[in-house]
Structure formats: structure tokens, C-alpha cells
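# Descriptive structure summary
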Amino acid sequence: MIVFRDPSEVPEGFGPSVVAIGKFDGVHTGHRAVIDRLLQDAAAAGARAVAVTFDRNPLAVLRPDRCPENVVSTERKLELLGDLELDAALVLRFDEALAGLEAEDFVRQILVDALQVETVLVGRDFRFGRGGAGDPDLLRRLGPECGFSVEVVEDVFLPGSERRVSSSWIRELLAEGSVEQAADLLGRAPDVRGEVVHGLKRGRELGFPTANLSDIVDALVPADGVYAGWLVDHDTGIRHPAAISVGTNPTFDDVPRRQVEAHVLDETSLDLYGHDATVQFTHRLRGMVAFEGIEKLKVQIGADVDAARELLAVGGTVAQ
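Bear in mind the structure is a predicted one, so any value in this text is a computation, not a measurement.

## Considering the sheet that holds strand S5 (residues 117-123)
What the 6 strands build is an open sheet, ordered S1-S4-S3-S2-S5-S6; its pairing is parallel. Each of the sheet's edge strands pairs with one partner strand only, and the pair in question is strand S1 (2-4) and strand S6 (149-153). Strand-to-strand twist across the sheet, computed as the mean angle between neighbouring axes with direction ignored, equals 20°. Along the sheet, helix H3 (residues 74-82) makes contact with S1, strand S3 (48-54) and strand S4 (88-92), crossing S3 at roughly 160°.

## Looking at helix H1 (residues 29-45)
A rise of 1.5 Å per residue sets the reference length of H1, with its 17 residues, at 24 Å; its end C-alpha atoms lie 24 Å apart and thus fit the reference within 8%. Within H1, burial applies to Gly30, His31, Val34, Ile35, Leu38, Asp41 and Ala42. Along the axis of H1, the buried positions cluster into a sector of 135°, meaning they face one direction only. Turned more than 90 degrees off the buried face of H1, the exposed positions are Gln40, Ala43 and Ala44. Of the residues flanking the end of H1, it is glycine 46, one or two places downstream, whose phi is positive at about 65°.

## What to know about the pattern of salt bridges
Between side chains of opposite charge, a pair can form when the charged atoms approach closely. Counting across every chain of the model gives 24 salt bridges. Measuring nitrogen to oxygen at the nearest pair gives 2.7 Å for the salt bridge that ties aspartate 55 to arginine 56. With a relative accessible area of 22%, aspartate 55 lands in the partly exposed category. We note a salt bridge from arginine 124 to glutamate 154, for which the minimum N-O separation is 2.3 Å. On the criterion of sequence distance, the pair formed by arginine 124 in the loop between S5 and helix H6 (136-146) and glutamate 154 in the loop between S6 and helix H7 (167-176) is long-range, its members being 30 residues apart.

Conventions we followed
Residues numbered from 1 in each chain as written. Predicted model: local features only at pLDDT ≥ 70, side-chain atom pairs only at ≥ 80, totals over all residues. Heavy atoms only, no water. Pairing = 2+ DSSP bridges. Helix = DSSP H or I, 4+ residues; strand = E, 2+ residues; numbered from the N terminus. Axes fitted to C-alpha atoms, helices over the stretch in contact; angles between N-to-C directions. Contact = heavy atoms within 4.5 Å. Expected span 1.5 Å × (residues − 1). Buried < 20%, exposed > 50% of the residue type's maximum accessible area, 1.4 Å probe, protein only. Arc of directions from axis to C-beta. Salt bridge = Lys/Arg side-chain N within 4 Å of Asp/Glu carboxyl O.

Function cannot be read off these values alone, since they describe shape.
Okay, here's the thing in C-alpha cells:
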């Protein structure tokens, strides 16, 4: 997938294209429904399949007091979009200039002039342009004049649910630690990626060494607690089953910031320091609590490891 960081980077004659516009935060199942439709339309028209998105949540500029955390970073979003066989993504820098661009100018300058759009796909509630004046109705009005058609992709609902799949709902679920339900919305297990760094070595002292991720990760971290999941070592390509802790280690009360640490099951001598790793959360085991004494903590960690081993079917048919 080609990534353009500005409309000026799109080469002359790049189009025609079929374009989907959106924040695509998390690239969840609702977003994937839009992309699936985009790919079908682009293939039928012999056109380029392009996602147009933003380098930040527009609320970060328009209403910073109301702007939520991103489900994933911009680079992670592009990685996920790249997995969907798109031809290109145009990442617009959302600043005061773009916020003040009239909706019609947005259409003409970006969609028509730069991308030679033939079909535009948006969600029903998508807004763009100065003051949010742009909407599907405006696109439909401009379409005949500018030579493109418009498709509004309906919301996606999980079976038995009356709430549409959304990034807001995913944030709520991750804040609760409900990683299994978040996975249903995302279409994949929630995960975070970062560098393995040195910690306080407390897990090793307790007999359960852990790989600690740096504070800088590429996605929203689930609620404090203990989880079963996987550690993917990108340096070696190996995917390890793991029991995962998120929090500040309240038994010892000496960790100033939340940390993600993964104990690789049945391994005590792995050296992962400096490695690029992804931690995937598949099951929540329990919340984070302070224990009265190290021995009680060790017993609970042992139980957590056993529970993770059973859930991940380690030693039998490994869950994928």
C-alpha cells in the first residue's frame, strides 16, 4: 500500500480511484465493511482503492477537551489498512488549515483534483469541511457536477446487539478490561506493540520472569488486571503463550506508571531485552489487587499462569 502524507504527493494521473473517507481508528469490523465494499467497487471499475484518513482525531484540534485517546496510533492504523490490500492511503494532516477548509473545496481539491475519484464511500454520520458542513447529502449534490457517485455504507452490528460497532464502544470495553468483547468488535485480539525494556526484575525474583514493554506503545492499553494472551517477538518471528499483567504492581507500590509485562509460559531463560514485541490480550483473568505478603502473591501468580495455560491450550492444540 502506497502512503501519501499530503495531496501534493499524489502523482499526476494516479487515478481514477474509489475512495473511502473516515478516521478508521482501530480499523474495526465496521471500518472493514467499508473497505470490503471499496475493494469490490474498485475492482469492478478497474480503479485504485484508496482510504483517506487523518493523522489525528479531528477533535484534537476542534475540541481538545473532548478528544478521546486513539484506539491505535496512526502508524498502526496504516499497518492495519495495509493488510487489507488497498492500493493507497492518503493521510491528511488535520490542523487549523484543514479544519477551516470549506467542504466543497475539500471535495474538489482532495477527492477530485488529487485522486480523480469516481466513487466516494462514507458512513452515514461522516462529516467533513469547515464546521462539519460536509455530509453525504453534500457529496451527492456535488457528484454529478464533479463526475463521481456516492455510496453510504450502513453501520455494522454484532449478532444480537442493537449498538453499532464503533471506536467509542471499543474504548469503553478496553477501559473495562473486556478484551474478549473488544476482539469481537475489532475482528482481532486487542494488542499493543513496543520495545522490551528492563524493569525492576521483580517477576524474576518471584520465579515468573516478565518481558516489560516500554511506556511508548502503539495502541490503547486495556484496564489494569491480569490477562492470558500472546507475546509476538518480531525479532525472531516466534509467538509465545503468555500470562500478562497491566498496572502499577500494587503489592509493592513502587511502580510510578502503568506497565505491560508478559510472562512467557514455561520459559525462564528467554532474553528479550531490546526486542520489538507485540502483546496480544485474549482473555481477562482478574482485576489488579494488592496482596498481603509475597507468598500469597506467588500463589496467585501460579494460579494465573495455570489459568492462562488452560485457556491458551498450551501443551495441546494451541489456540490461534
